[in-house]
Every structure is written in C-alpha cells, then in structure tokens.
Amino acid sequence: MAKYNTILYYCYSTIAEGEQFAADHLKFCKGLGLTGRIIVADEGLNGTVSGTEEACKAYMEAVHADERFAKTEFKVDEVDTPSFVKMHVRYKSEIVHSGLRDPNMINPQIQTGKHLEPVDFMAMKDRDDVVILDVRSNYEHSLGKFKNAVTLDIENFRDFPAKINELAQYKDKKILTYCTGGIKCEKASALLLHEGFTDVYQLHGGIIKYGKEAGGKDFDGKCYVFDNRLSVDVNSVNPVVISTCFNCGTVTHKMINCANPECNEHFTQCDACGEKLDGCCSDACQSHPRKRVYDGTGYYVKVPQPVNVKKDKLELAE
Ligand SMILES: [Zn+2]
Ligand SMILES: [Zn+2]
C-alpha cells in the first residue's frame, strides 16, 4: 500500500484577503507536513500537494470545511515518495495565467463551457460534429494527447488567447476542450464563448480524472504533470507511446529537464541518450559549467537563478 498521496485540485471561488490567506495557508500546510505548490488568487485556489495519507486527508477536510471551497474536487494519486521537496503557497493575480490584458473579461464563475464527465466526453468525442481541442502547451501535448485532438503551437497557456483565431474554422462545431486537471479549460472554454463559439464543452477533471474514471481510452502517450513525477500513465485500455527522443528519435515517453539549469528545457530523452549526454539536451549544455548532476530522473529542485538568464519555463499551473 502506498504511504503517500499526491493530490491535485483547483477551485474558482472569490477570496477577499488573498495575500493574507496565502500566508496563513502556507503555515497550515507546513504544520501538516505537506510539500507542494499552491497558487492563491482573488479568483480561487490551484494546487498540487503531497504528503502522508493522513496529512492529505486532513488537508482535504480542512479545505472542504471552508464554505468557499466546499465543492472542491480532489484528484488523489498514490505515490511511493512525496512528489515535491518543499512547500510553496504563492499569491498571484490569477490561479492560471490567461494572458488576457483584462482577466476580468472572462469569469469561469459566471460563464464557462459545459462540463462533461469522463464517460460523457468519451461518448461524444468521436462524433462528426465534434472537435477535441487540447488547450495545453507544446511540451505537454508532445508527450501525450487524445487521438485526433487539435493542438496549438504554444509554449505557455498565456499564449492561448492569441491562437483563438486559428480555430475559426471550427465555429459551427461542438468544441470539447481538455487539459491536465480541468483548470485551464475553465478559462479556455469561457474565452471561446466570449469569442463567439456557441457550443463549448470541457472535460471535467481533465485527463487525470478521465484516466481514473474512464480508463483513459484513446489518450495516446502520457500525461505531463507539474511535480517530480513529470508524467503519469493515463490509458489502461489501448495505450500507445507517441513521443520520441529529442536526440535520437527513438520512441520513448521519458520526460526530463535539461541538466543545464540555465536551459532547463523540458524534453523527451531516451535512457541511452540520457547516459551519453548526462541528461542534457545538447553538447553545449553538457559542457556548461553549472550543469547539475544527472541521477536518471531529470528532475531538479529549483535553485535561485541569477537575473537575466532564460527563465525556467515550468508553468505553475496544474
Ligand atoms: Zn535517444
Ligand atoms: Zn539544454
């Protein structure tokens, strides 16, 4: 039996004193011995936390006991070791960065795409009048996505709004959006409605819940996650590997961060190339003086970066 749980959740609900809430919440999480990352904004909560089963249970009960978050749904995974090293709770302007100049233009608490439960999503997704839209970024959908999904060439969710005009050809279709845990879809589907799409649905609970409740059928590859697991299995029905090693082209779904901290690129790399390149994406990174020690996982605890270097691309999103 697993000793630890990793739980993923979000909740759109107005928080009045967000900054103070974040500070108090950090103390609370640390008191429970949890690790993880939580974003607090005036519009709600978004987090992944990891800890003992008891600590996670106590955490979920405490969140549910607050009437603002009473309806929060938690996606619980069993893990052998905690999925984070530290506990962070950060106050930000949005729980998932939408890239809109005025984020108040959309409000998932007021209008968002219709939620589809995993089995309903599965029943609808292959219809002729349906388009499945992956709203995640390149490094995520290159590792795994639904068969026939439309993907966008974006490095970050904040680039999503600028891509909506590319979807104009689908305006008369039913759009089914999906993401990792459902949080991005709340905004993506709201934005599609705002932009004149009329029949917009979203996969409730995202790929993670679809894997748990519907067996993950027709999801090819793995699902990228924002903790030290880097990816999780989704499909237990008809799985296939779709990603290939960035360096040699071999089929692999191993996802790593480049060992050069100033690059830190997320990419797929097979074990053989990992060994040859010390977990780096290129020869240049392999000879970089600050190269980190590759232990075979490709996951590194974030170290403070000097200013003006290429920023870590990891989105604190889901
Ligand atoms: Zn390779
Ligand atoms: Zn690199």
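Residues numbered from 1 in each chain as written. Chains lettered and ligands numbered in written order. Predicted model: local features only at pLDDT ≥ 70, side-chain atom pairs only at ≥ 80, totals over all residues. Heavy atoms only, no water.

**Examining the nonpolar core**
The following threshold applies: By nonpolar core we mean a set of buried residues, namely Ala, Val, Leu, Ile, Met, Phe, Trp, Tyr and Cys, connected to one another through side-chain atoms within 4.5 Å. Relative accessibility decides the category of a residue: with a 1.4 Å probe and only protein chains considered, values under 20% of the type maximum give buried, values over 50% give exposed, and everything between is partly exposed. Numbering of helices and strands runs from the N terminus; a helix is a DSSP stretch of H or I covering at least four residues, while a strand is a stretch of E covering at least two. We call two residues contacting when some pair of their heavy atoms lies within 4.5 Å.
Among the nonpolar cores identified, the biggest contains 30 residues, and Leu133, Val135, Phe160, Leu167, Ile175, Leu192 and Phe197 are the most heavily contacted of them. Of all the elements in the fold, those that place two or more residues in this core are strand S1 (4–12), strand S2 (35–41), strand S7 (130–134) and helix H6 (183–194). Val135 has contacts with Ile154, Phe157, Phe160, Thr177, Tyr178, Cys179, Lys184, Cys185 and Ala188, leaving out every residue within four places of it along the chain.

**Examining the packing of aromatic side chains**
To describe a pair of aromatic rings, one takes the distance between the centres and the angle between the planes. Put simply, the rule reads: The rule is short: rings of Phe, Tyr and Trp, with Trp giving its six-membered ring, pair when the centres are within 6.5 Å, and they are stacked under 30 degrees, edge-to-face over 60, tilted in between. Here, over-ring charges are defined by two tests on the NZ atom of lysine or the CZ atom of arginine: distance to the ring centre within 6 Å, and angle to the ring normal within 35 degrees.
Per the stated rule, a full pass over the model turns up 15 aromatic pairs. Between Phe157 and Phe160, the aromatic rings sit 5.5 Å apart at their centres with planes inclined by 15 degrees, giving stacked as the arrangement. The class of Phe157 is buried, set by a relative accessible area of 2%. Aromatic side chains Tyr224 and Phe226 sit 5.3 Å apart centroid to centroid with 80 degrees between the ring planes, which places their arrangement in the edge-to-face category. An aromatic cluster is present here, built from Phe121, Phe146, Tyr178, Tyr210 and Phe219 joined pairwise through their rings. A cation over an aromatic ring shows up here: Lys171 above the ring of Phe197, its NZ or CZ 5.2 Å from the ring centre. A cation over an aromatic ring shows up here: Arg292 above the ring of Tyr300, its NZ or CZ 3.9 Å from the ring centre.

**Considerations on the coordination of the zinc ion (ligand 1)**
Going by this rule: Note on donors: an N, O or S atom is included if it sits within 2.8 Å of the metal, or within 3.2 Å for Na, K and Ca, and water is never included, so sites can look incomplete. Metal sites are grouped by the angles between bound donors: all angles between 85 and 135 degrees with four donors is tetrahedral, opposite donors over 155 degrees apart with the others between 65 and 115 is square planar for four donors and octahedral for six, and any other pattern is irregular.
Every protein donor of the zinc ion (ligand 1) is listed here as Cys245 (SG), Cys248 (SG), Cys270 (SG) and Cys273 (SG), and their distances to the metal cover 2.3 Å. Angles of 103 to 115 degrees at the metal separate the four donor atoms of the zinc ion (ligand 1), which places the site in the tetrahedral class. Taken in sequence order, the residues that donate to the zinc ion (ligand 1) follow the motif C-x2-C-x21-C-x2-C. Among the residues examined, Cys245 registers a relative accessible area of 3% and is labelled buried. Relative accessible area serves as the criterion here: at 43%, Cys248 is assigned to the partly exposed category.

**Considering the coordination of the zinc ion (ligand 2)**
Protein-derived coordination of the zinc ion (ligand 2) comes from Cys258 (SG), Cys263 (SG), Cys281 (SG) and Cys285 (SG), at a distance range of 2.3 to 2.4 Å. Mapped onto the sequence, the donors of the zinc ion (ligand 2) take the spacing C-x4-C-x17-C-x3-C. Residue Cys263 is found in the loop between strand S14 (255–257) and strand S15 (266–268), and its partner Cys281 is found in the loop between helix H8 (271–277) and helix H9 (283–286); the two are separated by 18 residues along the sequence. Cys281 sits in the buried class, given a relative accessible area of 13%.

**A closer look at the packing of helix H1 (residues 18–32) against helix H2 (residues 53–65)**
Our working rule: Helix axes are fitted only over the stretch in contact, all axes being lines through C-alpha atoms; the angle between N-to-C directions runs from 0 to 180 degrees. Note on angle classes: values under 35 degrees are labelled roughly parallel, values over 145 roughly antiparallel, values of 65 to 115 roughly perpendicular, and the remainder oblique. Residues are grouped as follows: Ala, Val, Leu, Ile, Met, Phe, Trp, Tyr, Cys and Pro are nonpolar; Asp, Glu, Lys and Arg are charged; all remaining types, including Gly, are polar.
One way to put it is that H1 packs onto H2 with a least axis distance of 9 Å and a crossing angle of 150 degrees. As the angle between them shows, H1 and H2 are arranged roughly antiparallel. Here His25, Phe28, Cys29 and Leu32 of H1 lie close against H2, whose contacting residues are Ala55, Ala58, Tyr59 and Ala62. Considering only residue class, the contact of H1 with H2 consists of seven nonpolar, one polar and no charged.

**Brief notes about the layout of surface pockets**
Counted only if it meets this: Only protein atoms enter the 1 Å grid, on which a cavity is a set of points fitting a 1.4 Å probe that cannot get out and a pocket is an open set with protein on both sides within 12 Å along at least 5 of 7 lines, lining residues being those with an atom within 4 Å of a point. Grid points are joined across faces, edges and corners, and a volume is the space filled by probe spheres set on the points.
Within this model, the second largest pocket holds a volume of roughly 380 Å³. What lines the second largest pocket is a set of 19 residues, among which Tyr10, Cys11, Tyr12, Lys71 and Glu186 lie closest to the centre. Contributing elements (two or more residues each) for the lining of the second largest pocket: S1 and strand S4 (73–79). The leading source of residues in the lining of the second largest pocket is S1, at three residues. In terms of residue class, the lining of the second largest pocket is made up of six nonpolar, seven polar and six charged.

**Let's talk about the pattern of salt bridges**
Formally: The salt bridge criterion pairs a side-chain nitrogen of Lys or Arg with a carboxyl oxygen of Asp or Glu, the two atoms within 4 Å.
According to the stated counting rule, one finds 24 salt bridges in the structure shown. The shortest N-O distance in the salt bridge between Glu213 and Lys209 comes to 3.9 Å. With Glu213 and Lys209 both in helix H7 (residues 206–214), this residue pair falls four residues apart, about one helical turn. Accessibility expressed as a relative area gives 49% for Glu213, which makes it partly exposed.

**What about empty space enclosed by the protein?**
What the rule picks out here adds up to four cavities of 30 Å³ or more. In this structure, the largest cavity encloses a volume near 100 Å³. Residue lining of the largest cavity: 15 residues in total, with Leu8, Asp77, Ile208, Val225 and Arg229 positioned closest to the centre. The set of elements that each furnish at least two residues to the lining of the largest cavity consists of S1 and S4. Split by residue class, the lining of the largest cavity holds seven nonpolar, three polar and five charged.

**A closer look at the confidence of the model for the chain**
Caution is warranted with low-pLDDT regions, since their predicted coordinates should not be read in detail. Our working rule: pLDDT is a residue-level measure of predictor confidence that goes from 0 to 100.
Within the chain, residue pLDDT values average 92, and 94% of them lie at 70 or more. Note that pLDDT drops below 50 for residues 305–318; the model gives that stretch 48 contacts with residues more than four away or on any other chain.

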